[in-house]
There are 2 protein chains.
Amino acid sequence: MKRILVDMDGVLADVYSRFFELHEEETGQCLSVKEIAGLLEAEAFPNQRKWVAEPGFFRSVPVMPGSIEGLKLLNDNFRVIVVSLATEFPNSLTDKQLWLHDHFPFIGWQQILFCGDKNIIKADIMIDDHIKNLDHFKGQTIMFSQPHNMLLKNTRHERVNSWTEIEKILLSH
Amino acid sequence: MKRILVDMDGVLADVYSRFFELHEEETGQCLSVKEIAGLLEAEAFPNQRKWVAEPGFFRSVPVMPGSIEGLKLLNDNFRVIVVSLATEFPNSLTDKQLWLHDHFPFIGWQQILFCGDKNIIKADIMIDDHIKNLDHFKGQTIMFSQPHNMLLKNTRHERVNSWTEIEKILLSH
């Protein structure tokens, strides 16, 4: 069975929905996806690094549409490891795992990994929204569309816009 | 530069000192290493799983003698990754990383990894106290003596009793 690394933020966790919300609450300004296309999260939202460092932030993030059903299907067909580059924000670690248990209870603790560098993990497939992770990965790569990667063209990574598209690529056989 | 995985509990963190202390506090019974040799932590201390699941436990654990100086030397000569099988106890995650920052500030967040299965990490050398981790590792293995592994004989893993012995093996050239 192939091992597949599934990213949390921007793939399972719809962090942008929460960023837009918090930005509007704090500044009164309602940003659009178009306005921040191509910008990294911290460039688009000046307070983003402050928000994600706060205990509790990750418990409040909504689930990406379709991800519960999609990850369940992947979990039946692959050795799924949910991976998050989370050690930059120590306060996020416990919150992130409890959030996973809340929304994806079929993912066991043996399948969860928090690190500061995804390149040291052995796997066959990676689903991620960040080009910095995908570019260094040797196996099959799937890029989940998010505002920061929207303008990237001609990458070797297969772009998907939804969990339905992930299922089509990985489960059509 | 070779990549080396350094375990936390029983290698950097002297969890047994704290277990003995808590066991005596709760039962009045002062256990000796001899009495619990060969038993896994949860077999030796009936409340061990309760203790480690509690928020705050890992902030109170003493540092293994010699480990600060030893890890600093390894960090100058190897790509060190500090790894802990910690996702079984979500409340331990943030505590563990903050403990690392307190005592080993020269280890960056990029060098920390929390997981439920160490076999998916690419590395050349592993220092660990648990035979279940060492047995599955393909590279060079160093077994740090702890009460639960004291009686194991004829393993392929090089046994060390102190951080000075680790330095001798890995840094004598």
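Residues numbered from 1 in each chain as written. Chains lettered and ligands numbered in written order. Predicted model: local features only at pLDDT ≥ 70, side-chain atom pairs only at ≥ 80, totals over all residues. Heavy atoms only, no water.

Observations concerning the relation of the copies chain A and chain B
Superposing chain A onto chain B requires a rotation of 180 degrees together with a translation of 0.0 Å along the rotation axis, leaving an RMSD of 0.0 Å. Expressed as a symmetry operation, the mapping of one chain copy onto the other fits a two-fold axis. Comparing interface residues between copies, 100% of those in chain A also sit at the interface in chain B, which points to an isologous, same-surface contact. (Least-squares fit on C-alpha atoms with pLDDT ≥ 70 in both. Contact = heavy atoms within 4.5 Å.)

Observations concerning the interface of chain A and chain B
Contacts between the two partners involve 23 residues from chain A, matched on the other side by 23 residues from chain B. Around 2200 Å² of area is buried between chain A and chain B when both sides are counted, 61% of it from carbon and sulfur atoms. Our enumeration of links across chain A and chain B arrives at zero salt bridges. In this structure, the connection of chain A to chain B is made through twelve residue pairs in polar contact (both at pLDDT 80 or more). In terms of residues, the side of chain A that touches chain B owes the most to one element, helix 6 (residues 92-103) of chain A, which gives five residues. Here the side of chain A that touches chain B is built from residues that sort into eleven nonpolar, eight polar and four charged. (Buried area = accessible area lost by both parts, 1.4 Å probe. Salt bridge = Lys/Arg side-chain N within 4 Å of Asp/Glu carboxyl O. Polar contact = N/O pair within 3.5 Å; in protein donor to acceptor, adjacent residues only side chain to side chain. Helix = DSSP H or I, 4+ residues; strand = E, 2+ residues; numbered from the N terminus. Nonpolar A, V, L, I, M, F, W, Y, C, P; charged D, E, K, R; others polar.)

With respect to the nonpolar core
In globular proteins that are soluble, nonpolar side chains generally tend to be buried together. Counting residues in hydrophobic clusters, the biggest one holds 88 residues, and the most contacted among them are Leu74 of chain A together with Leu74 of chain B. Leaving out residues up to four positions away in the same chain, leucine 74 of chain A has contacts with Ile4, Val6, Val80, Ile127, Trp163, Ile166, Leu170 and Leu171 of chain A. Counting 22 residues, the second largest nonpolar core, distinct from the first, contains Ile81 of chain A together with Ile81, Ile120 and Ile121 of chain B. (Core = buried A, V, L, I, M, F, W, Y, C linked by side-chain atoms within 4.5 Å. Buried < 20%, exposed > 50% of the residue type's maximum accessible area, 1.4 Å probe, protein only.)

Describing unusual backbone geometry
Of note, asparagine 154 of chain A is a non-glycine position whose phi angle comes to about 55 degrees, a positive value. Locating asparagine 154 of chain A in the fold gives a position in the loop between strand 5 (140-144) and strand 6 (158-160).

Points about the environment of leucine 113 of chain A
For leucine 113 of chain A, the position within the fold is in strand 3 (residues 112-115). Between the alpha carbons of leucine 113 of chain A and alanine 86 of chain A there is a distance of 9.2 Å; along the sequence they are 27 residues apart. Other than its neighbours up to four places away in sequence, leucine 113 of chain A contacts Ile81, Val82, Val83, Ser84 and Ile121 of chain A together with Leu113, Phe114, Cys115 and Ile120 of chain B.

Brief notes about the pattern of salt bridges
Inspection of the entire model under this criterion finds 14 salt bridges over all chains. Its salt-bridge partner being arginine 49 of chain A, residue glutamate 88 of chain A comes within 2.9 Å of it at the nearest N-O pair. Taken together, the residues span a long stretch of sequence, with glutamate 88 of chain A in the loop between strand 2 (79-85) and helix 6 and arginine 49 of chain A in helix 4 (residues 48-53) at a distance of 39 residues. Between lysine 96 of chain B and aspartate 9 of chain B there is a salt bridge, and its shortest N-O distance comes to 2.9 Å. Here aspartate 9 of chain B lies in the loop between strand 1 (3-7) and helix 1 (15-27) and lysine 96 of chain B lies in helix 6 (residues 92-103), a separation of 87 residues in the sequence. Members of the salt-bridge network, linked through shared partners, are Asp7, Lys118 and Asp128 of chain A.

Purely spatial values, then, with no claim about function.
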